[in-house]
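Below, each chain spelled out in residue letters.
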Amino acid sequence: MRFSTYSLCALLLAAPYLHAQTAPAASAPEPPVELAPTHVHANAPAKAGDTQVDLQDIRRFSRVYDIVRQAYVEPVGNHELMKDAITGMLAGLDPHSEYLDKEGLAQLDEDTTGQYSGLGIEVLQQDGGLVIVTPIDDTPASRAGIKPGDSIVKIDGVLVDPQNVDDMFKKLRGKPGSKITLTILHKGSDTPLDMHLTRENIAITSVKVRQLDPGYDYIRITQFQSDTAADLEHKLAVLIAKDGAPRGAVLDLRNNPGGLLTAAVSVSDDFLDSGTIVTTRGRLPDSNMSFGAHPGDLLKGAPLVLLVNHGTASAAEIVSGALKDNHRALLLGQRTFGKGVVQTVLPLDADHAVKITTARYYTPNGTSIQAEGIKPDIPLGDLSVRKADAAPSLISSEADLPNHLANENAKAGGDIDNDGSAAESALATRDYALAQALNVLKGMALGRGAAVAK
């Protein structure tokens, strides 16, 4: 299984995926914390007893190389063979290490900026096929109804070729306005569907905020770009200035594939006053780091519910782990993806680089979430609800009875039926998990208010 992840420039903490996109961008995702290539020494220790290349291995490689050049059914150039050898060597390490040529570097740059031309999907190579990790909000993929876990069977009528994944990825890219047909197999279905999509220029706004209910705010972060923390701080300040300090907030990281390590650290810091955020450990000294929080909780301690699911990955898991282990947020949803390793981009020359896994990261409690993910405090299935069909009730309260006594304190024009249940039902039918998060948040806020009142 191999992930194609284009996340960024130095410490890479992005989900194991690749944006179906095209066109360089401005700058962004997986930023700061750089591991300079000069720190990597050719004699860096490997496994005990395996510090030198075996001469037999070199001879074997040369022999295979010559056999391919001379006997393969079609001619293969030396440049292509060497590129494939490097690609294969890195792919054999783990799903996230890879060789980046000029095009790959340009795409990585696109991902970090959040601006590109494509479909807006995060794609993972798995078991010889292409699996959707998540569609990005407000993109052609999400509007078409593509869901996490769906598989791409064909691209423009051509079966996905597990032996030539790079070319399949390239087919997903294209100019804005160009059309593409994806044959999609929904998770749990046996019937492929043809979906006709048009590529667009996509500028992902990574932060959206709004009032969910009077006194309760909603914060949605779709991925971690270089400007995510600053955008969050600005938009939340504007909302608070308009509506007042919230009694609580829901932070939605569902289907967030990750992004920059520094962005994840900064966002975590925005909700914490103290404590460790994340630590990283690797073989090289520069891979061993620890990030801590500073005073300045944007919500000033107001309750926080964090929504997560199987598409919450990488940098999004750093935030989830930091807020959970520091007892700052209650996690609700499903187990997260489980990408607990960090990649560093090491330049080879102006047009080529190696993206290689250099460290594991650990939550404040010292837990590695690699291949396990983070379990929510309150598990919640991926469910949807609909309003039950029922005949209208003629009598729902005392006020419906003939000759009832009036309430002497009743306000003129008051509507006793407006108890908030209709709005709650509407939210639950649109987004069941969010409705449940709001209910939990209100309970937390009531409990906090009672404790303060004592």
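The structure this text deals with has already been given above.
Now for a quick tour of the structure. In every chain, residue numbers begin from 1 and rise along the written sequence. Per-residue local features of the predicted model are confined to residues with pLDDT of at least 70, and side-chain atom pairs are confined, for both listing and counting, to 80 or more; whole-chain, interface and lining totals are unaffected and use all residues. As a rule here, side-chain values come from all non-hydrogen atoms in the structure, and water together with hydrogens is ignored.

**Brief notes about the pattern of salt bridges**
Take a side-chain nitrogen of Lys or Arg and a carboxyl oxygen of Asp or Glu: if they are within 4 Å of each other, that pair is a salt bridge. A complete count under the given rule lists 14 salt bridges for this structure. Note that Lys-442 and Asp-213 form a salt bridge whose closest N and O atoms lie 2.6 Å from each other. Here Lys-442, found in helix H10 (residues 432-453), pairs with Asp-213, found in strand E12 (residues 207-213); they are 229 residues apart in sequence, far enough to count as distant. The residue Asp-243 makes a salt bridge to Lys-242 at a minimum N-O spacing of 3.2 Å. Each residue gets one of three labels from its accessible area relative to the maximum for its type: buried under 20%, exposed over 50%, partly exposed in between, using a 1.4 Å probe on protein chains only. What makes Lys-242 exposed here is its relative accessible area of 66%. Residues joined in a network through salt bridges with shared partners are Asp-137, Arg-220, Asp-252, Arg-254 and Asp-431. Secondary structure elements follow DSSP: runs of H or I of four or more residues count as helices, runs of E of two or more count as strands, with numbering from the N terminus.

**Remarks on a nonpolar patch on the surface**
Each patch is built from salt-bridge-free residues with over 30% relative accessible area, joining like charges within 9 Å and nonpolar side chains (Val, Leu, Ile, Met, Phe, Trp, Tyr) within 5 Å. Method for areas: the Shrake-Rupley scheme with a 1.4 Å probe, in which residue coverage is limited to the protein chains shown. Residues Val-53, Leu-55 and Ile-58 make up a contiguous nonpolar surface patch of about 290 Å² in total accessible area. Note on placement: Val-53 falls in the loop between strand E3 (18-22) and helix H1 (55-71). Exposure remark for Val-53: the relative accessible area of 66% places this residue in the exposed category.

**Some thoughts on helix H8 (residues 315-325)**
Along H8, 10 of the 11 residues are buried, which leaves the element largely enclosed by surrounding structure. Among the residues of H8, those classed as buried are Ala-315, Ala-316, Glu-317, Ile-318, Val-319, Ser-320, Gly-321, Ala-322, Leu-323 and Asp-325. Taken from the residues just after H8, His-327 is the one with a positive phi, measuring 55 degrees.

**Some points on the packing of helix H6 (residues 228-243) against helix H7 (residues 261-270)**
In this description, a line fitted to the C-alpha atoms serves as the axis of each element, helices being fitted only across the stretch in contact, and the angle between N-to-C directions of two axes falls anywhere from 0 to 180 degrees. Where H6 contacts H7, the axes come no closer than 8 Å and their chain directions differ by 25 degrees. With respect to H7, the element H6 is oriented roughly parallel. Every residue of H7 that contacts H6 at Thr-228, Ala-229, Leu-232 and Glu-233 is listed here: Ser-266, Val-267 and Asp-270. Within the contact of H6 with H7, the residues separate by chemical class into 3 nonpolar, 2 polar and 2 charged. For this classification, under 35 degrees means roughly parallel, over 145 means roughly antiparallel, 65 to 115 means roughly perpendicular, and everything else is oblique. For this analysis, residues touch if any pair of their heavy atoms sits within 4.5 Å. Residues are grouped as follows: Ala, Val, Leu, Ile, Met, Phe, Trp, Tyr, Cys and Pro are nonpolar; Asp, Glu, Lys and Arg are charged; every other residue, Gly included, is polar.

**Here's the deal with the packing of H7 against H8**
Running from N to C, H7 and H8 point in directions that differ by 25 degrees, and their axes come no closer than 9 Å. It follows that H7 is roughly parallel to H8 by the angle criterion. Crossing handedness for the pair H7 and H8: right-handed. Of the residues in H8, those in contact with Leu-261, Ala-264, Val-267 and Ser-268 of H7 are Ala-315, Ile-318, Val-319, Ala-322 and Leu-323. Looking at side-chain class alone, the contact of H7 with H8 contains 8 nonpolar, 1 polar and no charged residues. What makes a crossing left-handed is the near helix being turned counterclockwise from the far one by less than a right angle; a clockwise turn instead makes it right-handed.

**With respect to the pairing of strand E17 (residues 289-292)**
Because side chains alternate across E17, one face comprises the buried residues Met-289 and Phe-291, and the other comprises Ser-290 and Gly-292, none of which is buried. In terms of strand pairing, strand E16 (residues 276-281) meets E17 through 4 bridges, oriented antiparallel. Each residue of the ladder has a partner; that of Val-278, found in E17, is Phe-291. Two strands qualify as a pair provided DSSP detects at least 2 bridges between them.

Nothing here speaks to function; it is all geometry.
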